[in-house]
Every structure is written in C-alpha cells, then in structure tokens.
Amino acid sequence: MQKMNLGQVMELMEQETGNYGFRGASKHDLETFKDGGYLDASLDLWDERDCDYQEGADRLNGTSAICITEYMAIDELKKWYDYAKGYADNHHGTGVVLFVYGDNSDYGYDDHEVLLKCDFEDGAKVVAEVVL
C-alpha cells in the first residue's frame, strides 16, 4: 500500500480537487483493501462504536471518514488525522489511518463526518496509508 505524509496529502488535494477524508481503518477495511482499491460502505450501527463487523447490518450510503479539503492548513490536517487515528487506535485496534477518496459525498451524523462513495462502488477508494 502506498504511504503518504500530510504534506503529500495536501499536495495531491491541491492538484486533484475532489472529495477526500481520513479513515481510522478497521480490521475489516484492511482485509477488504487487500482484495482491491475500494472499501465497503460503512455499517449503520450508530449505537455501537466498538462492534465487530456484521455482514447483515444495514449500510450507510458510502464509507464513513473525517472530511478534509484542499483549503485546510497543515495544522488543521494534523488535527483531523489525530481524530481519525483515535478511531484507528481506540475503536479498531489497527493504528492505521487511510487517505480515501470518493466521486460522491454526503454529510454524516457525527462531527466532521463525510460519507464517500465512488461511482459503481459501494464505498471510497483508498489512496494511501497516512504516516507522520
């Protein structure tokens, strides 16, 4: 998997405008990504933060991520990276933050949440793993 630092994330967003986010990767995300470049739509389990993947659960309209844009300064990107890292560490136990893209986006219910979805896919495309 390609790795990018925050400066590289910023450069890419400035060159290719679109819908981007940071996602604190779940174990299911990392298993899914091995099979291709796209993630599944996130589970619609608003009342269960620390839950295992459930195959039959309702889905959101895309992959849940923390919204980031090309207009953010590096310190703001770092803030949202840290927020996503909290999910990766505390909820999923992976320690991995993914930089993801979607052709389409919707607002989520959580603070600064965006739902990203690529055309002809259920979820977001993984651009890279973010490393500091």
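Now for a quick tour of the structure. If you're wondering where the values come from, they're calculated on a predicted model, not measured in any experiment.

### A few points about the overall build of the protein
Line of reasoning, step 1. For the protein, the helix and strand inventory stands at 3 helices and 7 strands.
Line of reasoning, step 2. The helix and strand sequence of the protein, counted from the amino end, reads β-α-β-α-β-α-β-β-β-β.
Line of reasoning, step 3. Across the 132 residues in the protein, those meeting the buried criterion constitute 40%.
Line of reasoning, step 4. Counted over contacts in the protein with a minimum sequence separation of 6, partners at least 24 positions apart contribute 68%.
Line of reasoning, step 5. A total accessible area of about 7400 Å² is found for the protein, and carbon and sulfur atoms account for 45% of it.

### Some remarks on the sheet that holds strand 3 (residues 63–68)
Line of reasoning, step 1. Reading across from one edge, 1-7-4-2-3-6-5 is the order of the 7 strands in this open sheet, with mixed pairing throughout. This sheet does not close on itself; its edge strands, each paired only once, are strand 1 (3–4) and strand 5 (104–107).
Line of reasoning, step 2. Where strand 5 meets strand 6 (residues 113–117), 4 bridges bridge the pair, whose relative direction is antiparallel. By the bridge assignment, Tyr107 is partnered in strand 6 with Val114.
Line of reasoning, step 3. Running at roughly 40° to strand 2 (residues 19–24), helix 3 (residues 74–92) makes contact with strand 2, strand 3, strand 4 (97–102) and strand 7 (125–130) of the sheet.

### A closer look at unusual backbone geometry
Line of reasoning, step 1. In the Ramachandran plot, His112 falls in the positive-phi region, its phi being about 65° despite a non-glycine side chain.
Line of reasoning, step 2. Positionally, His112 belongs in the loop between strand 5 and strand 6.
Line of reasoning, step 3. With a relative accessible area of 27%, His112 lands in the partly exposed category.
Line of reasoning, step 4. Positive phi is not limited to glycine here, since Phe120 has a value of about 70°.

### Let's talk about the pairing of strand 4
Line of reasoning, step 1. Counting buried positions along strand 4 gives 5 out of 6 residues, so the element sits mostly inside the fold.
Line of reasoning, step 2. Summarising the sheet, strand 2 and strand 4 pair through 6 bridges and their orientation is antiparallel. Residue pairing for strand 4: Tyr20 is matched across the bridge by Tyr101.
Line of reasoning, step 3. Across 5 bridges, strand 4 lies against strand 7 in antiparallel orientation. Along strand 7, the bridge assignment pairs Phe99 with Ala128.

How each quantity is defined
- Residue positions are given per chain, counted from 1 along the sequence in the order it is written.
- With the structure being a predicted model, the display of local features is reserved for residues of pLDDT at least 70 and the display and counting of side-chain atom pairs for 80 or more, all residues being used for whole-chain, interface and lining totals.
- Only hydrogens and water are set aside; all other atoms, that is, all heavy atoms of the structure, feed into the side-chain values.
- Starting at the N terminus, helices and strands are each numbered in turn, a helix being any DSSP run of H or I of at least four residues and a strand any DSSP run of E of at least two.
- Here the term buried applies to any residue with accessible area under 20% of the maximum for its type, exposed to any over 50%, and partly exposed to those in between, with areas from a 1.4 Å probe on protein chains only.
- Residues count as neighbours in contact if any of their non-hydrogen atoms are within 4.5 Å of one another.
- Using a 1.4 Å probe, accessible areas were evaluated by the Shrake-Rupley method; residue-level cover was limited to the displayed protein chains.
- Paired strands are those between which DSSP finds at least two bridges.
- Here an axis means a line fitted to C-alpha atoms, over the contact stretch when the element is a helix, while the angle between two N-to-C directions is reported on a 0 to 180 degree scale.

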